[in-house]
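# Close look at the chain arrangement
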Amino acid sequence: ICFIEVETKSENNTEWTSKLDFKAYRETLKADVKKVVNILDSKPQGEVRYDDLIQCVGIEIFLSESLYNHTLKRRTKHIRSVLKEQLRQKQQNVCDATMLRYVSERSSKWSVDRATELAQGYWEME
């Protein structure tokens, strides 16, 4: 059996933002997405500049509902595969961090590939 030390409530509170901070972050994110969508919608595709696109970095998945849904499904699949491996290990009374790392790495490869492609695209546009 693997034992992972659980943080105390006071440790947890010092590490995470408050609900108010999270709400402010979320509102800022929504405003940023709305701003970028308005910029992209107001220009013909050929007139979108590098400076316009650089504002998309980090919020790409929120610019398209289909991309957002696809990313959400992939993340859910990733989480399920890791949890499934954890359950398997618990049932077999083993602790194999290497296997967990492998499962996580394999199921999140799409994310690494996507980030690489995005970075390459932004680099080539500069």
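See the structure above.
Treat the numbers as computed from the prediction; the structure is a model and nothing was measured. (Residues numbered from 1 in each chain as written. Predicted model: local features only at pLDDT ≥ 70, side-chain atom pairs only at ≥ 80, totals over all residues. Heavy atoms only, no water.)

## A short note on the overall build of the protein chain
Within the protein chain one finds six helices and zero strands. Secondary structure elements of the protein chain occur, N-terminal to C-terminal, as α-α-α-α-α-α. Per-residue burial over the protein chain gives 14% buried out of 126 residues. A separation of at least 24 residues holds for 48% of the contacts in the protein chain among residues at least 6 apart in sequence. Total accessible area computed for the protein chain in this model is approximately 10600 Å², and 56% of it derives from carbon and sulfur atoms. (Helix = DSSP H or I, 4+ residues; strand = E, 2+ residues; numbered from the N terminus. Buried < 20%, exposed > 50% of the residue type's maximum accessible area, 1.4 Å probe, protein only. Contact = heavy atoms within 4.5 Å. Areas by Shrake-Rupley, 256 points an atom, 1.4 Å probe, with all protein chains shown as cover.)

## Description of the packing of aromatic side chains
To describe a pair of aromatic rings, one takes the distance between the centres and the angle between the planes. Overall, the coordinates contain two aromatic pairs when judged by the stated rule. A centroid spacing of 6.4 Å and a plane angle of 40 degrees characterise the contact between Phe-22 and Tyr-25, whose relative ring orientation is tilted. One end of the pair, Phe-22, and the other, Tyr-25, are both in helix 2 (residues 19-42), three residues apart, so they sit about a helical turn from each other. With relative accessibility at 47%, the residue Phe-22 sits in the partly exposed group. (Phe/Tyr/Trp six-rings, centres within 6.5 Å; stacked < 30°, edge-to-face > 60°.)

## Let's talk about the nonpolar core
In terms of nonpolar packing, the biggest core is built from six residues, these being Leu-29, Val-33, Val-36, Cys-56, Ile-59 and Tyr-122. Here this core takes three residues from helix 2, the largest share from any one element. If near-sequence neighbours (up to four positions away) are discounted, Val-36 is found in contact with Gln-55, Cys-56, Ile-59 and Leu-63. (Core = buried A, V, L, I, M, F, W, Y, C linked by side-chain atoms within 4.5 Å.)

## Describing unusual backbone geometry
Unusually for a residue other than glycine, Asn-93 sits at a positive phi of about 55 degrees. By the element assignment, Asn-93 lies in the loop between helix 4 (65-91) and helix 5 (97-107).

## Considerations on a nonpolar patch on the surface
Together, Phe-62, Tyr-68 and Leu-72 make up a nonpolar patch on the protein surface, roughly 250 Å² of accessible area in all. Among the structural elements, Tyr-68 can be located in helix 4. (Patch = residues over 30% accessible without salt bridge, like charges linked within 9 Å, V, L, I, M, F, W, Y side chains within 5 Å. Salt bridge = Lys/Arg side-chain N within 4 Å of Asp/Glu carboxyl O.)

## Some remarks on helix 4
Compared with an ideal rise of 1.5 Å per residue, which puts 27 residues at 39 Å, helix 4 spans 38 Å between its outermost C-alpha atoms and is within 8% of the ideal. Of the positions making up helix 4, those classed as buried are Thr-71, His-78, Val-82, Glu-85 and Gln-89. Of the residues flanking the end of helix 4, it is Asn-93, one or two places downstream, whose phi is positive at about 55 degrees. (Expected span 1.5 Å × (residues − 1).)

## Things to note about the packing of helix 4 against helix 5
At their nearest, the axes of helix 4 and helix 5 sit 9 Å apart, and the two run at 160 degrees to each other. Considering the angle they form, helix 4 stands roughly antiparallel to helix 5. Crossing geometry of helix 4 relative to helix 5 is assigned as right-handed. Contacts from His-78, Ser-81, Val-82, Glu-85, Gln-86, Arg-88 and Gln-89 in helix 4 reach Met-99, Leu-100, Val-103, Ser-104 and Ser-107 in helix 5. Counted by class, the contact of helix 4 with helix 5 contains four nonpolar, six polar and two charged residues. (Axes fitted to C-alpha atoms, helices over the stretch in contact; angles between N-to-C directions. Parallel < 35°, antiparallel > 145°, perpendicular 65-115°, else oblique. Left-handed = near helix turned anticlockwise from the far one by under 90°. Nonpolar A, V, L, I, M, F, W, Y, C, P; charged D, E, K, R; others polar.)

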